[in-house]
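# Fold and contact review
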Amino acid sequence: DVKVTQSSRYLVKRTGEKVFLECVQDMDHENMFWYRQDPGLGLRLIYFSYDVKMKEKGDIPEGYSVSREKKERFSLILESASTNQTSMYLCASSPGGTVQETQYFGPGTRLLVL
Amino acid sequence: SQQGEEDPQALSIQEGENATMNCSYKTSINNLQWYRQNSGRGLVHLILIRSNEREKHSGRLRVTLDTSKKSSSLLITASRAADTASYFCATDRSFGNEKLTFGTGTRLTIIP
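Overview of the structure. (Residues numbered from 1 in each chain as written. Chains lettered and ligands numbered in written order. Predicted model: local features only at pLDDT ≥ 70, side-chain atom pairs only at ≥ 80, totals over all residues. Heavy atoms only, no water.)

## Comments concerning the overall build of chain B
Scanning chain B from N- to C-terminus turns up 0 helices and 11 strands. For chain B, the N- to C-terminal ordering of α and β elements is β-β-β-β-β-β-β-β-β-β-β. Its C-alpha atoms give chain B a radius of gyration of 13 Å, near enough to 13 Å, the size a compact globule of 112 residues would have. With respect to the three principal axes, the spread of C-alpha positions in chain B is 45 × 30 × 20 Å. Looking at chain B as a whole, 46% of its 112 residues qualify as buried. Here the contacts in chain B between residues at least 6 apart in sequence split such that 55% fall between residues at least 24 apart. Of the roughly 5200 Å² that chain B leaves accessible, carbon and sulfur atoms contribute 44%. Here chain B contributes 14 positively and 11 negatively charged side chains, and the mean placements of these two sets differ by 4 Å. (Helix = DSSP H or I, 4+ residues; strand = E, 2+ residues; numbered from the N terminus. Rg over C-alpha atoms; globule rule 2.2 N^0.38 Å. Buried < 20%, exposed > 50% of the residue type's maximum accessible area, 1.4 Å probe, protein only. Contact = heavy atoms within 4.5 Å. Areas by Shrake-Rupley, 256 points an atom, 1.4 Å probe, with all protein chains shown as cover. Lys, Arg positive; Asp, Glu negative; His and termini not counted. Charge placed at Lys NZ, Arg CZ, Asp CG, Glu CD.)

Shown next, in the form of structure tokens:
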């Protein structure tokens, strides 16, 4: 079974802090994704990566950056956390080829920015 | 705007009944997928249907796709309490290597 893990289930940070969310997948997938999920808005794509060191902006990249130095690991960085970044963050991966394939999700990180 | 939108937003049924939820989308697609999310957890892939398919089954799940109406339905037969979850459709766009776009979901509650 594909396993996607996220470094924290719950995280509390203060406004202005730099926040790192880590995601690791163990199935040698090419593509990795970061979403945020908010009530009434569904999942919105922040960034995705189709290869090591490659990244593309999603629908809402402002205020975020990402890093993919190794194939299995995709990090989401909040350079200066703000209260409007309080949300559920979901990482996903997919095998490769296209970004339209089935995605495998981690359990999510619920981030609260005070 | 959302590519895929689910209807209804919330649905409550008695255990044992069938549950039907719908997804409408705006542009031509290659595939349409359905995912389930248990409360506070990540999404789990349920089924993928391609644009040249009209119906697909997986266990108690039946998915239909009508590309002329740009809509899909997910039927869960003989519902169980464990089916209580949110269900999302995800669509791509048939031009280019476009990402998936998820709808806002249908919240399904099965009453024991």
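## Observations regarding the state of the cysteines
The final tally for this structure, using the stated rule, is 2 disulfides over all chains. Through a disulfide, Cys23(A) is tied to Cys91(A); the S-S separation comes to 1.8 Å. Taking the sign of the torsion about the S-S bond as the criterion, the disulfide between Cys23(A) and Cys91(A), at about -75°, is left-handed. Here the residue Cys23(A) occupies a position in strand β3 (residues 19–25), and Cys91(A) occupies one in strand β9 (residues 87–94), the gap between them amounting to 68 residues. Note on cysteine connectivity: Cys23(B) is disulfide-linked to Cys89(B), with sulfurs 2.1 Å apart. Measuring the twist about the S-S bond at about 65°, one finds the Cys23(B)-Cys89(B) disulfide to be right-handed. Highlighted residues: Cys23(B) in strand β3 (residues 19–25) and Cys89(B) in strand β9 (residues 85–91), separated in sequence by 66 residues. The pair formed by Cys23(B) and Cys89(B) is uniform in burial state, with each residue classed as buried. (Disulfide = S-S within 2.5 Å.)

## Some thoughts on the interface of chain B and chain A
With 23 residues of chain B at the interface, the matching set in chain A holds 22 residues. The tally of links from chain B across to chain A stands at 0 salt bridges. Connecting chain B to chain A are 5 residue pairs in polar contact (both at pLDDT 80 or more). Of all the elements in the fold, those that place two or more residues in the side of chain B that touches chain A are β4 (31–37) and β5 (43–50) of chain B. Broken down by element, the residue count for the side of chain B that touches chain A peaks at 4 residues, all from β4(B). Each residue belonging to the side of chain B that touches chain A can be placed in one class, and the counts come to 6 nonpolar, 12 polar and 5 charged. (Salt bridge = Lys/Arg side-chain N within 4 Å of Asp/Glu carboxyl O. Polar contact = N/O pair within 3.5 Å; in protein donor to acceptor, adjacent residues only side chain to side chain. Nonpolar A, V, L, I, M, F, W, Y, C, P; charged D, E, K, R; others polar.)

## A short note on the pairing of strand β4 (residues 31–38) of chain A
All names here are of chain A. Counting buried positions along β4 gives 8 out of 8 residues, so the element sits mostly inside the fold. With burial as the criterion, each face of β4 is covered, one bearing Asn31, Phe33, Tyr35 and Gln37 and the other bearing Met32, Trp34, Arg36 and Asp38. Bridging between β4 and β9 involves 7 bridges; their strand directions are antiparallel. Looking at the pairing, Gln37 lines up with Met88 of β9. (Pairing = 2+ DSSP bridges.)

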